[in-house]
Amino acid sequence: MPLRNYTGLEPGLSPRGRPQVTRTHSLDHHKQILTHSKKFHSQEGELECMEIADLEEDEDKVFVKFMKAHRCYDLIPNSAKLVVFDTTLGVKKAFFALVYNGVRAAPLWDNTRQDYIGMLTITDFINILQKYYKSPLVKMDELEEHRIATWRVALKDRTKSLVHIAPDDSLFEVIKTLVHCRIHRLPVIDPVTGNALYVMTHKRVLKFLYLYINDLPSPGYMKQSVKELHIGTWDNIATATYDMPVITALNMFVSRRVSALPVLDNEGKVVDIYAKFDVINLAAEKSYNNLDVSLEEALQHRNNSVGGVVTCKAEETLATIIQRLVKAEVHRIVVVDGDFKCTGIISLSDLLSFLVLKPAGEYPERKMSSSSVL
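The shown structure was predicted, so the numbers you read here are calculated from the model rather than taken from an experiment. (Residues numbered from 1 in each chain as written. Predicted model: local features only at pLDDT ≥ 70, side-chain atom pairs only at ≥ 80, totals over all residues. Heavy atoms only, no water.)

Caption draft 1: Looking closely at the pairing of strand S11 (residues 270-275). A large share of S11 lies buried, amounting to five of its six residues. As consecutive antiparallel partners, strand S10 (residues 260-264) and S11 are separated by five residues, and within that stretch Gly268 has a phi angle of approximately 80°, a positive value. (Buried < 20%, exposed > 50% of the residue type's maximum accessible area, 1.4 Å probe, protein only. Helix = DSSP H or I, 4+ residues; strand = E, 2+ residues; numbered from the N terminus. Pairing = 2+ DSSP bridges.)

Caption draft 2: Looking closely at the sheet that holds strand S14 (residues 342-347). Reading across the sheet, the three strands line up as S12-S13-S14 and stay open at both edges, with mixed pairing between neighbours. Edge positions in the open sheet fall to strand S12 (311-313) and S14, since each of these has one partner strand only. The average angle at which neighbouring strand axes cross in this sheet is 35°, direction not considered. Across three bridges, S12 lies against strand S13 (residues 332-336) in parallel orientation. In the strand pairing of S13, Lys313 is matched with Val336. (Axes fitted to C-alpha atoms, helices over the stretch in contact; angles between N-to-C directions.)

Caption draft 3: Representation of the layout of surface pockets in the model. Considering only enclosed or pocket space, the second largest pocket measures out at about 950 Å³ in volume. What lines the second largest pocket is a set of 38 residues, and nearest its centre among them are Thr123, Lys160, Arg182, His184 and Lys276. At the level of elements, strand S6 (115-121), helix H6 (122-132), helix H8 (148-154), helix H12 (246-256), helix H13 (276-284) and helix H16 (348-357) are the ones that each hand at least two residues to the lining of the second largest pocket. Here the residues of the lining of the second largest pocket sort into 16 nonpolar, 11 polar and 11 charged. (1 Å grid on protein atoms, 1.4 Å probe; cavity = no way out; pocket = protein on both sides within 12 Å on 5 of 7 lines; lining within 4 Å. Points joined across faces, edges and corners; volume = space filled by probe spheres on them. Nonpolar A, V, L, I, M, F, W, Y, C, P; charged D, E, K, R; others polar.)

Caption draft 4: Quick peek at empty space enclosed by the protein. Applying the stated criterion to the full structure yields one cavity of 30 Å³ or more. Of the voids in this model, the largest cavity is the one considered here, and its volume is about 50 Å³. As for the largest cavity, its lining consists of Lys203, Leu206, Lys207, Leu325, Val326, Glu329, Val330 and Leu348. For the lining of the largest cavity, the elements supplying multiple residues, two or more each, are helix H10 (202-212) and helix H15 (318-328). Among the elements that take part in the lining of the largest cavity, H10 stands out by supplying three residues, more than any other. The class makeup of the residues in the lining of the largest cavity is five nonpolar, no polar and three charged.

Caption draft 5: Spotlight on the sheet that holds S11. Spatial strand order, S9-S10-S11: three strands in an open sheet with mixed pairing. One side of each edge strand has no neighbouring strand; the edge strands of this open sheet are strand S9 (240-241) and S11. In terms of strand pairing, S9 meets S10 through two bridges, oriented parallel. If you follow Thr241 over to S10, its bridge partner there is Leu264.

Caption draft 6: Seen up close, the packing of H15 against H16. Relative orientation of the contacting elements H15 and H16 amounts to 135°, with a least axis distance of 12 Å. As far as their axial angle goes, H16 and H15 are oblique. In this structure, H15 crosses over H16, and the sense of that crossing is left-handed. Here Leu318, Ile322 and Leu325 of H15 lie close against H16, whose contacting residues are Leu348, Leu351, Phe354 and Leu355. Classifying every residue of the contact of H15 with H16 by side-chain character gives seven nonpolar, no polar and no charged. (Parallel < 35°, antiparallel > 145°, perpendicular 65-115°, else oblique. Left-handed = near helix turned anticlockwise from the far one by under 90°. Contact = heavy atoms within 4.5 Å.)

Caption draft 7: Highlighting the confidence of the model for the chain. Confidence along the chain averages 82 in pLDDT terms, with 81% of residues attaining 70 or more. Of the regions scoring below 50 in pLDDT, residues 1-49 engages in 127 contacts with residues more than four places distant in sequence or in other chains. This stretch, residues 367-374, has a pLDDT under 50; its non-local contacts, to residues over four places away or in other chains, come to 37 contacts. (pLDDT = per-residue confidence, 0-100.)

Next up, the structure:
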């Protein structure tokens, strides 16, 4: 696994100077486990075998058992790009590097401590812009001059300590950590070598499950509607309009603790969505010095490969919603009525919480109604 780093070290080596070591299993291997040997290996204590028949006896927990039976190693691909930033790197250069490498986050390496201390994410970029932006006439010197280490001190009330997981930990622990810690990115760090191997996300875990979903017993609730199951947020949803200034949207991201805003037209119909990921285009276009521009203008710079809003009806089944989200490769789906008015929003975190954590008795406390997506 190549390591693209910004530490001044030789590519292909971890910050500790050790070569990257990866151990993966092919998807064909796991398909064979499911369809031929019909056995899983559980990571609960000692390894033990679970028959498919066991899953059928308690079908509501089928996805719980599936996630507990697979490790992080099973999801890590044979080849993946991993970007690591040294905390002495300038903040501006770091965000440009995220854009250049097409990634949304990177582990932070503190050379003094000789350890990883956190993650640099798009949320951090938003926090910097939201805190220091004054007007198009006032240059944000903090963004231009701060190093990552300086910025972490200045915004210490908004920065999080590093949360990570080991490659031998189960995917159940991955989901539990992502949801309960309210994070989007979870680095996998080898406890022996100290190497960062991969970054786990809700989308990658759900996609992995979807590969095998037709080989597993299907719980009855998969045929129920998302409204009936009450998955997601259905009231007090944070929304935006095309004429809303970008800085207002950034303030809403922070104050409402959401990661996307459905964009409504003059009739209140859903026409687009402005997500945290769209904010990175400000760095790509070097247009972050004017955040008074409208969302409509900002969205014109969206990468063509990035889709717009994906919608569904409240009456559609959970199985249909999962399929649509996985195929669209998006992080949330907006629920609309017959007039295309926004009635709800469902995130990948909402889905994984319902599928895996709720049956296991690990369902998180209900989010604030204003928090539409994680």
